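# Structural features, examined
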Amino acid sequence: MNASISFEQQLILLDQRIEKTWADILDNSRLVKAIREGSVSRALYAIYMIETFHYTAHNARNQGLVGVRHADNPVYAKFCFEHAAQEVGHEKMALHDVMSLGLKNETFDIPPALAETEVLIAYLYWISFTGNPLQRLGYSYWAENAYHFITPLINQLSETLALKPAQLTFFIAHSDIDVEHFNEIKIILQRTCKRQADWDAIASVMETSLRLTGNMLEAVYKQYEAWQSGDAPRYEFLHALDNS
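Quick caveat, the model's predicted, so the values are computed rather than measured.

Looking only at helices and strands, one finds ten helices and zero strands in the chain. In terms of its C-alpha atoms, the chain occupies a principal-axis envelope of roughly 55 × 35 × 30 Å. When contacts within the chain are restricted to residue pairs at least 6 apart in sequence, those whose partners lie at least 24 apart make up 84%. In the form shown here, the chain has an accessible surface area of approximately 11,500 Å², with 53% of it arising from carbon and sulfur atoms. Treating the 20 positive side-chain charges of the chain as one cloud and the 30 negative ones as another, the clouds have centres 3 Å apart.

Structure below.
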């Protein structure tokens with residue numbers, strides 16, 4: 001790729017790649033299909049949010065790790081540490097939303113993360129610990145701009161399950177926070193990406209982490225099917241939910 005490509009053109013290339021990847025995931029995800037068709041249940045939503053709880057709990061940590069590795073670049077290190085600090089505790093919102101579905105009086109242990117979720121978590125640690133330190137910006141680039149693609153799904157989910165804003169705190173909070181974060185990510189990309197190798201590493205992590213998230217979505221739906229058949233004892237407590 002020509003090294004003379006402008007910053008604006010680099011963003012266009014990222015956006016084109018991310019739109020293609022999102023389209024592939026959204027067109028083939030059974031979880032997305034259930035939401036679009038109005039057949040999503042509170043149990044399915046709860047399983048998804050449990051996995052969201054798991055991977056979100058690690059985002060601040062792996063981003064902080066990048067800052068430690070790249071301390072020789074104070075501009076980027078400061079960005080990593082500040083964003084890591086802002087992400088701390090966000091998994092609690094996901095857990096709150098699960099409990100708000102009707103589990104406040106239930107006694108249960110949070111099920112461990114699914115294997116597909118662990119792969120996503122492990123990958124983000126791996127690319128934070130090795131390789132081009134800038135490459136984790138690829139994950140941030142799509143994650144902080146996901147609402148462009150998923151807001152219609154969240155709205156449909158809310159309508160189908162009759163969820164109040166207080167039961168969607170994770171999504172509502174991030175829809176506001178992420179607009180500002182996405183602008184900051186574009187600024188840090190402009191300030192730090194000096195070589196085509198940087199952009200290539202960012203694009204690779206962007207697509208890989210998004211596809212791993214798509215794999216997690218499919219795993220969530222498989223677990224939901226197993227739960228419906230009585231073959232997922234880890235989610236036994238979800239039978240306490242209405243509209244399951």
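Resuming the write-up.
Our next topic: helix H1 (residues 7–28). Over its 22 residues, H1 runs 32 Å from end to end, which matches the ideal 32 Å to within 8%, given 1.5 Å per residue. By the burial criterion, the buried members of H1 are Phe 7, Gln 10, Leu 11, Leu 14, Ile 18, Thr 21, Trp 22, Ile 25 and Leu 26. What you see down the axis of H1 is that its buried residues fit within an arc of 130 degrees, all on one side. Facing away from the buried side of H1 by over 90 degrees, the exposed positions are Gln 16, Lys 20, Asp 27 and Asn 28.

Taken as a whole and assessed by the stated rule, the structure comprises seven salt bridges. Its salt-bridge partner being Glu 225, residue Arg 30 comes within 3.0 Å of it at the nearest N-O pair. Pair noted here: Arg 30 is in helix H2 (residues 30–37) and Glu 225 is in helix H10 (residues 196–228), with a separation of 195 residues, a long-range link. Looking at Glu 225, the relative accessible area reads 33%, which means it is partly exposed. What emerges from the salt-bridge pattern is a single network uniting Arg 17, Asp 24, Glu 207 and Arg 211.

Our next topic: the side chain of Ser 209. Following the sequence through the fold, Ser 209 ends up in helix H10. In contact with Ser 209, other than residues within four places in its own chain, are Leu 120, Tyr 123, Leu 124, Tyr 139 and Trp 142.

Calculation notes
- Residues numbered from 1 in each chain as written.
- Predicted model: local features only at pLDDT ≥ 70, side-chain atom pairs only at ≥ 80, totals over all residues.
- Heavy atoms only, no water.
- Helix = DSSP H or I, 4+ residues; strand = E, 2+ residues; numbered from the N terminus.
- Contact = heavy atoms within 4.5 Å.
- Areas by Shrake-Rupley, 256 points an atom, 1.4 Å probe, with all protein chains shown as cover.
- Lys, Arg positive; Asp, Glu negative; His and termini not counted.
- Charge placed at Lys NZ, Arg CZ, Asp CG, Glu CD.
- Expected span 1.5 Å × (residues − 1).
- Buried < 20%, exposed > 50% of the residue type's maximum accessible area, 1.4 Å probe, protein only.
- Arc of directions from axis to C-beta.
- Salt bridge = Lys/Arg side-chain N within 4 Å of Asp/Glu carboxyl O.

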